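# Structure assessment
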Amino acid sequence: MSNIHRDADTLASPDERRGLLSNVDLTADADTDVEGQPTCTSPALSSKKRKPFAGFLFLLSLILAITGFELWPRPRHDTRSGRHALYSNGTHEFKKTVLMVSIDGLRADYLDRGLTPHLLDISREGVRAKYMKPVFPTLTFPNHWALMTGLYAESHGIIANNFWDPVFKDSFHYAHVESAQNPSWWLGEPVWETAERAGIITANLMWPGPWSTSSGVNSTYFIPWQDKYPLEEKLSNLLEWIDLPLETRPQLILGYEPSLDQAGHATGPMSEAVNMTLAAVDLFARNLTQALGERNLTHIVDVIFVSDHGMADTSHPTWLYVDEIIGQPWEGVISNDGWPSMGLRFASDTNVTEALERLCQYTLAHPGQFDVFAAESFFTDPTTSVDLIACNHGEMDAGTMQPMPERYHFSANYRIAPLWIVPRMGYALTNHEYGEGGMSTGNHGYDNDEPSMRAIFVAHGPFSQDTKAAVAARGESQNLGEYVMPGFQNVEIYNLVVRLLGIDAADAAITNGTAGFWDTYILPDARTSCV
Ligand SMILES: [Zn+2]
């Protein structure tokens with residue numbers, strides 16, 4: 001714990017922690033009113049004890065209502081969102097809490113392998129989506145920042161894991177602390193910033209991204225990236241935060257686990273190592289959910305398991321030597337971004353028209369190997385003689401040369417190089433300098449419509465119950481034991497977290513999320529009915 005940055009540094013006392021564990025007296029009166037605020041309790045805990053008083057309370061309520069008095073004190077703060085409401089686990093007070101864990105590289109159909117019984121159990125008790133669609137490019141840092149900000153890569157600025165910024169005249173590289181932890185690279189407002197601004201304590205266990213934003217806001221608790229950090233220790237870290245006293249306990253807790261992605265890269269998505277790691281993260285998910293259950297927090301804490309992207313088998317790619325395809329203009333390449341794509345910038349004296357012509361000829365002769373996305377300026381520049389439109393065969397299955405498609409949301413940022421070559425599945429881009437080394441057995445970064453790039457969404461807790469109730473209310477599902485949401489985009493996650501934390505919509509950032517998207521899955525006032 002020594003590497004935790006702590007603004008609020010009061011840890012729970014041993015007694016406090018014991019009180020949150022499974023041997024608590026669940027028959028104790030759960031309605032203790034702390035600081036004059038109302039509490040929400042699990043109905044199973046309190047309904048029997050209340051019955052003898054129900055008639056009396058109803059009569060008293062009626063009298064007080066008529067005379068203008070309130071039987072129960074109202075929350076002292078924002079009653080619209082109810083975000084200051086207190087909920088009891090039987091012994092302690094809790095505020096609305098969201099615990100979101102990203103399991104890097106957990107491809108959506110990994111859940112169909114019969115190796116994740118616990119994640120499936122969790123999803124049956126809660127909900128899951130058929131898949132969650134990553135943003136393009138399907139890389140770790142663009143997607144973790146999309147999950148945090150609700151923005152596409154063109155808007156949040158992390159357009160790849162590595163790229164050149166022509167204004168900064170500097171390179172971003174995810175593994176270099178000087179850029180990865182420099183807030184000026186990271187645009188948009190992460191949900192932990194929104195929460196902290198709203199007075200909500202947040203905690204961050206290694207979520208890919210900066211510790212602080214450029215406006216100087218940071219998570220109250222932060223554990224920086226450390227490789228090979230045991231899952232058991234991550235579990236302990238997350239639960240230590242849950243077990244803090246109310247005054248210092250975070251309401252938004254983020255966690256990150258990279259081992260499955262590492263196994264996928266090293267040995268491919270179909271490997272034994274992936275299957276073993278999958279079983280390990282599945283056990284971690286069970287242990288975390290079980291620990292919350294033991295604390296009687298299932299009706300208070302929303303647990304969300306997500307991933308950033310999937311994984312494709314790249315063990316036997318067909319290598320494409322782009323320097324050979326482009327010819328002499330390749331010597332003018334000054335930056336090469338976005339592996340496994342090639343985002344190319346050229347020196348000003350380069351004959352880019354020739355490069356485009358050669359790429360065009362190649363795609364006509366070898367359809368289906370890669371797509372070339374050229375900046376709009378190439379299509380409107382009268383000095384570009386090549387008929388770029390002609391290179392688009394009009395067949396989406398063939399290699400194409402066209403402006404960046406709208407569905408990628410990947411053009412409106414000066415950081416995106418003017419020529420972006422994206423390999424199709426089964427192909428790998430290289431040049432004679434790099435050769436055919438360095439390609440991992442599994443990889444990602446491809447078209448975000450590829451099924452193998454899909455991510456997961458599994459949720460457990462009050463949100464999932466709301467969702468099932470909302471779906472049942474619409475008559476869409478008779479079986480409330482299990483509900484699988486249709487696939488959705490990960491830019492919706494920001495708005496979900498904001499909503500689950502009860503943050504007023506006016507205090508939230510503008511995102512690329514769909515307005516009203518969660519109205520379909522959350523009953524109106526479902527989370528505030530007890531205040
Ligand atoms: Zn990743």
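In this text, all values refer to a predicted model and were calculated from it rather than measured experimentally.

## Remarks on the overall build of the protein
Along the protein, the regular secondary structure elements total 16 helices and 25 strands. Within the protein, the proportion of its 531 residues that are buried is 47%. Counted over contacts in the protein with a minimum sequence separation of 6, partners at least 24 positions apart contribute 76%.

## A short note on the packing of helix α9 (residues 259-267) against helix α10 (residues 272-294)
Where α9 meets α10, the closest approach of the two axes is 9 Å, and the angle between their N-to-C directions is 175°. For the element pair α9 / α10, the angle class is roughly antiparallel. On α10, the residues touching Ser259, Leu260, Ala263, Gly264, Ala266 and Thr267 of α9 are Ala273, Val274, Thr277, Leu278 and Val281. Tallied by class, residues from the contact of α9 with α10 come to 7 nonpolar, 4 polar and no charged.

## As for the nonpolar core
One finds Leu252, Phe305, Val306, Ile421, Ile456, Val497 and Leu501 to be the most contacted residues of the largest nonpolar core, which totals 125 residues. With 7 residues, the single largest contributor to this core is α10. Residues lining this core come from more than one domain, with at least three contributed by each of domain 2 (87-313 + 451-521) and domain 3 (318-439). Apart from residues no more than four positions distant in its own chain, Val306 is found in contact with Met100, Ser102, Met132, Leu147, Ala455, Ile456, Phe457 and Ile493.

## A few points about the packing of helix α3 (residues 117-125) against α10
One can describe the packing of α3 onto α10 by two numbers: an axis separation of 7 Å at closest approach and a directional angle of 45°. On the basis of the axis angle, α3 is oblique to α10. Where α3 abuts α10, its residues Pro117, His118, Leu119 and Ile122 lie against Asp282, Leu283, Ala285, Arg286 and Thr289. For the contact of α3 with α10, the per-class residue count stands at 5 nonpolar, 2 polar and 2 charged.

## Focus on helix α8 (residues 231-242)
Compared with the 16 Å implied by 1.5 Å per residue over 12 residues, the 17 Å span of α8 between its first and last C-alpha is a close match. For α8, the complete set of buried residues consists of Asn237, Leu238, Leu239, Trp241 and Ile242. Buried positions along α8 lie against β5 (97-103), β10 (202-205), β11 (221-223), β12 (252-257) and α10.

## A word on unusual backbone geometry
Cis rather than trans, the peptide bond between Phe136 and Pro137 has omega equal to -5°. Residues Trp339 and Pro340 are joined by a peptide bond in cis, for which omega reads 10°. Tracing the backbone shows Pro340 in the loop between β16 (333-337) and β17 (342-346). Despite not being glycine, Asn296 shows a phi value in the positive range, around 55°.

## Side note on the environment of Leu187
Inspection of the secondary structure puts Leu187 in the loop between α6 (177-180) and α7 (191-197). According to the C-beta neighbour criterion, Leu187 is partly exposed, with 18 such atoms within 10 Å. Considered as a pair, Leu187 and Thr213 are 26 residues apart in the sequence and their alpha carbons are 8.3 Å apart. When sequence neighbours within four positions are dropped, the list of residues in contact with Leu187 reads Ser155, His156 and Gly157.

## Details of the pairing of strand β8 (residues 162-165)
Note: β8 against strand β9 (residues 170-173), 4 bridges, orientation antiparallel. When the bridges of β9 are listed, Trp164 appears paired with Ser171.

## Focus on the confidence of the model for the protein
On average, residues of the protein carry a pLDDT of 83, and 78% of them reach 70 or more. Residue range residues 526-531 is modelled with pLDDT below 50. Its contacts to residues more than four positions away, or to other chains, number 16 contacts.

## Looking at helix α12 (residues 352-365)
Here α12 is 14 residues long and its end C-alpha atoms lie 20 Å apart, about the 20 Å a rise of 1.5 Å per residue gives. Of the residues making up α12, those classed as buried are Val352, Ala355, Leu356, Glu357, Leu359, Cys360, Tyr362 and Thr363.

## So, the environment of Ser440
With respect to the helices and strands, Ser440 occurs in the loop between β21 (427-430) and β22 (442-443). Sequence separation of Ser440 and Ala266 is 174 residues, and the distance between their C-alpha atoms is 5.9 Å. Setting aside residues up to four positions removed in sequence, Ser440 forms contacts with His265, Ala266 and Thr314.

What counts, and at which threshold
- Residues numbered from 1 in each chain as written.
- Predicted model: local features only at pLDDT ≥ 70, side-chain atom pairs only at ≥ 80, totals over all residues.
- Helix = DSSP H or I, 4+ residues; strand = E, 2+ residues; numbered from the N terminus.
- Buried ≥ 20, exposed ≤ 12 C-beta atoms within 10 Å, placed from the backbone.
- Contact = placed C-beta atoms within 7 Å.
- Axes fitted to C-alpha atoms, helices over the stretch in contact; angles between N-to-C directions.
- Parallel < 35°, antiparallel > 145°, perpendicular 65-115°, else oblique.
- Nonpolar A, V, L, I, M, F, W, Y, C, P; charged D, E, K, R; others polar.
- Core = buried A, V, L, I, M, F, W, Y, C linked by C-beta atoms within 7 Å.
- Domains from an automatic or database assignment.
- Expected span 1.5 Å × (residues − 1).
- Pairing = 2+ DSSP bridges.
- pLDDT = per-residue confidence, 0-100.

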